[in-house]
Amino acid sequence: MLEIKGLAASIAGKPILRGIDLVVPSGEVHAIMGPNGSGKSTLSYVLAGREDYEVTAGTATFEGADLLAMAPEERAAAGVFLAFQAPIELPGVGNANFLRTALNAVRRARGESELDAVQFLKLARAEAKRLAMPEDMLKRNVNVGFSGGEKKRNEVLQMALLRPRLAILDETDSGLDIDALKIVADGVNALRRPEFSALVITHHQRLLDHLVPDRVHVLAGGRIVCSGGPELAHELEARGYAAITAEAA
Amino acid sequence: MAAVTETLETVQGLAQSGYKFGFETAIEMDLAPKGLNEDTIRLISARKGEPEWLLDWRLAAFAAWRKMEEPHWARVWHAPIDYQDIHYYAAPKAKPGPKSLDEVDPELLAMYEKLGIPLKERAILAGVEGGASNVAVDAVFDSVSVATTFRATLAKAGVIFCPISEAVREHPDLVRKYLGTVVPVADNFFAALNSAVFTDGSFVYIPPGVRCPMELSTYFRINARNTGQFERTLIIADAGSHVSYLEGCTAPQRDENQLHAAVVELVAFDDAQIKYSTVQNWYPGDANGRGGIYNFVTKRGACRGARSKISWTQVETGSAITWKYPSCVLEGDESVGEFYSVAVTNNRQQADTGTKMIHLGRNTRSTIVSKGISAGRSDNTYRGLVRIGSRAAGARNHTQCDSLLIGEHCGAHTVPYIESRNPHAKVEHEATTSKIAEDQLFYCRSRGLTEEDAVGLIVNGFCKDVLKELPMEFAVEAQKLLAVSLEGSVG
Ligand SMILES: Nc1ncnc2c1ncn2[C@@H]1O[C@H](COP(=O)(O)OP(=O)(O)OP(=O)(O)O)[C@@H](O)[C@H]1O
Ligand SMILES: [Mg+2]
């Protein structure tokens, strides 16, 4: 499980997170909603270990281990996965090669045997098919020339292959068509089990219809200003952040 | 041709030269003092038992060299070289080497380990005294039969592959006919110097219609000791023949000689093909650029025959300074020249490298793919000439020139020269510059890759079009080498 206490972080000397307290028990899916610029992506980067963010206070532990002390690749090996809001392009790097290198790095770190090219392709093709991704996306360069929705699906493909224990999805639903949204939600639902948890950042109630969260948190001004059950998302959709955050303040 | 065989072959060669030095060292030390004059050249020629014509050829080169000036047009900087302060003939162990691996730069050893070089070889590469003879003696036992098979296969095909000094004795007509015909003695300062004082190198002759049955290789992991500073290579592919030649090695090589000035000449006749691949990883010096090798090389191929083809592929990661322009002179109609290059510079390294494609025949074609990677405080320049002669109707060139920057303090420069004297020729030049971005590395790391793996992946992606031209086993090692060379260059 993920346990965040009093987490504060800044970028370029500018404080963004101002004391986050959040617990995501194993087996649960939590949603984070909040206005643009409130720090949602920042939180996801800090949890994944991006180095240009400076943690100024607080702790974050994952399954008892000090997450903040780990390198990004160690977090990945431990089972943390971040689906980027804006996935990065890697020109010249074939998607299949990238996925296999990543999967084998993680498998090695977890003490599992590496997959050879044939085993890997079989697995990747099956997952790509489940996500209704055209097969040529495995051959193309990572995210280069992918449409917005294809990039998001590629993130979900990576998640499916890496089988994380904590998935952080940063607006993975943005830019997806209606069918893709359902496929992505199914992708996360397929991973649901007692030792899996997810932190789902979204602006849209619609994803949460498919991916019913255990808790919903509202992040505003670098703090979690209120939390509730799935119904909170409906309320936000109906009344907007301003009203809810004003009430909570 | 398996890498193992080639390594063993080399080990054996080394054992032999070790014995040879055993006889000759004392005399040589007396006879090869520092400095360059006619006597030095007469001495070299005499020690090698060379015929009169070769001595005259060397002396002519020396006379030309004396009138020439060291070139300074390349974008590299170095302290003045004192040409009278160099031993020009086999001065073994001019400086005492380290006594054991404990005395060797730990960073160098760490790199050997990462490249997966066996312990025994590490000692030799690092120049540990006595390291060579130990390994050589061990290896001779299990390598004799392999090496013999190797020679027998070549002989059966009629291929000549031997040291050039041996070729001068055994095949004097061939050597005399072609030596200096592609790179004339007075071609440039360093080529003239090489012609005057070269000590050894390789000679290859492929008879008409023969496809060389194996990759020819100086893939001498263990040649740190006996390559020499002034290497001379001559490869002749007769009509309709094919040969693939591999030079160099992925392991970083140290050498007590700072200046290296090699000359490589290739000749291809009608329908012949020569593929020349190099991995160059000479010691680049420490992080401040102290102690590295200066590599001033002249490599040129002549496509003399119609439809002949010469292809240069190089991966250059080493040396403090690299000055190198493997070129093709496309004389035969429809002949083809190719240049595929990856040049990596890190820390204080400087590379000024590229190619010349001289189109003389009709419908000649050339392709240039250059990938420059700069990191640290290094400088990396691509300098390329495409010249279309007046007779070269229908000639075509395509140049793709890409630079990748890692960090904030390095430089990448592209200097294309295009000269066309024929209106019916087509020359295309494309260039790009990109950077490895912090967010690309973070993205990879968040998927479980180490930073080193991430840089390796991105760099190998960048170099893919060149690496695929390398023979398979070389390509795999070259990939590893690229990642290791750039280690620690980020962040
Ligand atoms: N490199 C940077 N330098 C300065 N400010 C930055 C930098 N990166 C992010 N910020 C600021 O940090 C704040 C939080 O950004 P963040 O991306 O976490 O917001 P968000 O909640 O994910 O927003 P959205 O809903 O639009 O995705 C924003 O005001 C943003 O401008
Ligand atoms: Mg965001």
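What counts, and where the lines are drawn
Residues numbered from 1 in each chain as written. Chains lettered and ligands numbered in written order. Predicted model: local features only at pLDDT ≥ 70, side-chain atom pairs only at ≥ 80, totals over all residues. Heavy atoms only, no water. Helix = DSSP H or I, 4+ residues; strand = E, 2+ residues; numbered from the N terminus. Rg over C-alpha atoms; globule rule 2.2 N^0.38 Å. Buried < 20%, exposed > 50% of the residue type's maximum accessible area, 1.4 Å probe, protein only. Contact = heavy atoms within 4.5 Å. Areas by Shrake-Rupley, 256 points an atom, 1.4 Å probe, with all protein chains shown as cover. Donors = N, O, S within 2.8 Å, 3.2 Å for Na, K, Ca; no water. Buried area = accessible area lost by both parts, 1.4 Å probe. Salt bridge = Lys/Arg side-chain N within 4 Å of Asp/Glu carboxyl O. Polar contact = N/O pair within 3.5 Å; in protein donor to acceptor, adjacent residues only side chain to side chain. Phe/Tyr/Trp six-rings, centres within 6.5 Å; stacked < 30°, edge-to-face > 60°. Lys NZ or Arg CZ within 6 Å of the ring centre and 35° of its normal. Near = heavy atom within 4 Å. Nonpolar A, V, L, I, M, F, W, Y, C, P; charged D, E, K, R; others polar. 1 Å grid on protein atoms, 1.4 Å probe; cavity = no way out; pocket = protein on both sides within 12 Å on 5 of 7 lines; lining within 4 Å. Points joined across faces, edges and corners; volume = space filled by probe spheres on them. Pairing = 2+ DSSP bridges. Axes fitted to C-alpha atoms, helices over the stretch in contact; angles between N-to-C directions. Core = buried A, V, L, I, M, F, W, Y, C linked by side-chain atoms within 4.5 Å.

What to know about the overall build of chain A
Within chain A, the secondary structure is distributed over ten helices and twelve strands. For a compact globule of 249 residues, the expected C-alpha radius of gyration is about 18 Å, and chain A comes in at 18 Å, within 12% of that figure. Seen through its C-alpha atoms, chain A measures out along the principal axes to roughly 55 × 40 × 35 Å. Taken over 249 residues, chain A has a buried fraction of 53%. Pairs at least 24 residues apart make up 67% of the contacts formed inside chain A by residues separated by at least 6 positions.

Section: the overall build of chain B
Along the backbone of chain B there are twelve helices and 19 strands. Scored against the burial criterion, the 491 residues of chain B give a buried share of 60%. Expressed as a percentage of contacts within chain B between residues at least 6 apart in sequence, the contacts between residues at least 24 apart total 86%. Surface exposure of chain B reaches about 19300 Å², of which carbon and sulfur atoms provide 52%.

Re the coordination of the magnesium ion (ligand 2)
Protein coordination of the magnesium ion (ligand 2) is provided by Ser41(A) (OG) and Gln85(A) (OE1), with donor distances spanning 2.0 to 2.1 Å. Note that Ser41(A) is positioned in helix α1 (residues 40–48) and Gln85(A) in the loop between β6 (80–83) and β7 (90–94), a separation of 44 residues in sequence.

Description of the interface of chain A and chain B
Each partner contributes residues to the interface: chain A has 34 residues there, and chain B has 17 residues. With both sides pooled, the region where chain A packs onto chain B buries about 2000 Å², and carbon together with sulfur makes up 63% of that total. Along the contact surface separating chain A from chain B lie three salt bridges. Among the salt bridges present, the one from Arg445(B) reaches Glu73(A), with a minimum N-O distance of 2.7 Å. For the pair chain A and chain B, the number of links is ten residue pairs in polar contact (both at pLDDT 80 or more). Listed by contribution, the elements that provide at least two residues to the side of chain A that touches chain B are α1, α2 (72–78), β6, β7, α3 (95–109), β8 (141–142) and α6 (148–162) of chain A. With seven residues, the single largest contributor to the side of chain A that touches chain B is α3(A).

Structural notes on the packing of aromatic side chains
Within a pair of aromatic rings, the relevant descriptors are the distance that separates the centres and the angle that separates the planes. Overall, the coordinates contain 23 aromatic pairs over all chains when judged by the stated rule. Measuring from ring centre to ring centre gives 4.4 Å for Phe190(B) and Phe296(B), while their planes differ by 15°; the resulting arrangement is stacked. One end of the pair, Phe190(B), is in helix α9 (residues 189–197); the other, Phe296(B), is in strand β9 (residues 294–303), with 106 residues separating them in the sequence. As far as burial versus exposure is concerned, Phe190(B) and Phe296(B) are alike and both buried. Arranged with centres 5.2 Å apart and planes meeting at 70°, the rings of Phe190(B) and Trp323(B) form a pair that is edge-to-face. Of this pair, Phe190(B) sits in helix α9 while Trp323(B) sits in strand β11 (residues 321–324), and the two are 133 residues apart along the sequence. The residues Phe190(B) and Trp323(B) share a single accessibility class, namely buried. Directly above the aromatic system of Tyr45(A) lies the positively charged group of Arg50(A), at a separation of 5.0 Å from the ring centroid.

As for the side chain of Gln205(A)
Mapped onto the secondary structure, Gln205(A) falls in helix α8 (residues 205–210). Within the structure, the side chain of Gln205(A) is placed 3.2 Å from the side chain of His234(A), a separation counted as a polar contact.

Describing the site of ligand 1
Residue and element names in this part refer to chain A. Close contacts around ligand 1 come from 15 residues, with Gly 37, Lys 40, Ser 41, Thr 42 and His 203 the closest. The side chain of Asn 36 places a nitrogen or oxygen atom 3.0 Å from an oxygen atom of ligand 1. In the model, an oxygen atom of ligand 1 is placed 3.0 Å from a nitrogen or oxygen of the Gln 85 side chain. In the complex, the protein chains occlude 65% of the 640 Å² of accessible area that ligand 1 would expose alone. For the shell around ligand 1, the leading source of residues is α1, giving three residues. Here the residues of the shell around ligand 1 are counted per class, giving four nonpolar, eight polar and three charged.

Comments concerning empty space enclosed by the protein
Residues and elements named next belong to chain B. For the structure on display, the rule yields seven cavities of 30 Å³ or more. Considered as a void within the structure, the second largest cavity measures approximately 80 Å³ in volume. Forming the boundary of the second largest cavity are 15 residues, of which Ser 370, Gly 372, Asn 380, Thr 381 and Tyr 382 lie nearest the centre. Counting residues per element, the ones that place at least two in the lining of the second largest cavity are β13 (336–345), β15 (365–374), β16 (379–388), β17 (396–405) and β18 (411–420). For the lining of the second largest cavity, the per-class residue count stands at four nonpolar, nine polar and two charged.

Notes on the sheet that holds strand β9 (residues 166–170) of chain A
All names here are of chain A. If you walk across this open sheet you meet the six strands as β6-β9-β10-β3-β11-β12, and the pairing is mixed. In the strand order of this sheet, the two ends are held by β6 and β12 (223–228), each with one partner. Adjacent strand axes in the sheet meet at a mean angle of 20°, parallel and antiparallel pairs treated alike. Pairing of β9 with strand β10 (residues 197–201) involves five bridges; the strand directions are parallel. Pairing of Ile 168 across the sheet is with Leu 199, part of β10. Against the sheet, α6 makes contact with β6 and β9, and its axis sits at roughly 170° relative to β6, the strand it touches most.

Examining the sheet that holds strand β5 (residues 65–66) of chain A
All names here are of chain A. The strand order across the open sheet formed by four strands is β2-β1-β4-β5, and the pairing between neighbours is antiparallel. Each edge of the sheet is formed by a strand with only one pairing partner; in this case those strands are β2 (14–24) and β5. Sheet topology note: the strand β1 (residues 2–11)/β2 ladder contains eight bridges and is antiparallel. The residue bridging Ser 10 from the neighbouring strand is Pro 15, located in β2. Strands in contact with α1 are β1, β2 and β4 (53–62); relative to β1, the strand with the most contacts, it is inclined by about 110°.

Structural notes on the layout of surface pockets
Approximately 790 Å³ is the volume found for the second largest pocket. Lining the second largest pocket are 26 residues, and of these Asn97(A), Thr101(A), Leu457(B), Asn460(B) and Gln479(B) sit closest to its centre. Those elements that place two or more of their residues in the lining of the second largest pocket are β7 and α3 of chain A together with α11 (451–467) and α12 (472–485) of chain B. In terms of residue count, the dominant contributor to the lining of the second largest pocket is α11(B) (eight residues). Each residue belonging to the lining of the second largest pocket can be placed in one class, and the counts come to eight nonpolar, nine polar and nine charged.

Digging into the nonpolar core
In terms of nonpolar packing, the biggest core is built from 102 residues, with Ile4(A), Leu47(A), Ile373(B) and Val459(B) touching the most fellow members. Considering each element in turn, this core owes the most residues, nine residues, to α11(B). Formed by 51 residues, the second largest nonpolar core is a distinct cluster that contains Ile81(B), Leu259(B), Tyr294(B) and Phe296(B).

Concerning the pairing of strand β7 (residues 263–268) of chain B
Residue and element names in this part refer to chain B. Across the six residues of β7, six count as buried, placing the element largely inside the fold. Both strand β4 (residues 232–237) and β7 contribute to a ladder of six bridges, which runs parallel. Looking at the pairing, Ile 235 lines up with Leu 266 of β7. Sheet topology places β7 next to β9; six bridges connect them, and they run parallel. When the bridges of β9 are listed, Leu 266 appears paired with Gly 301.

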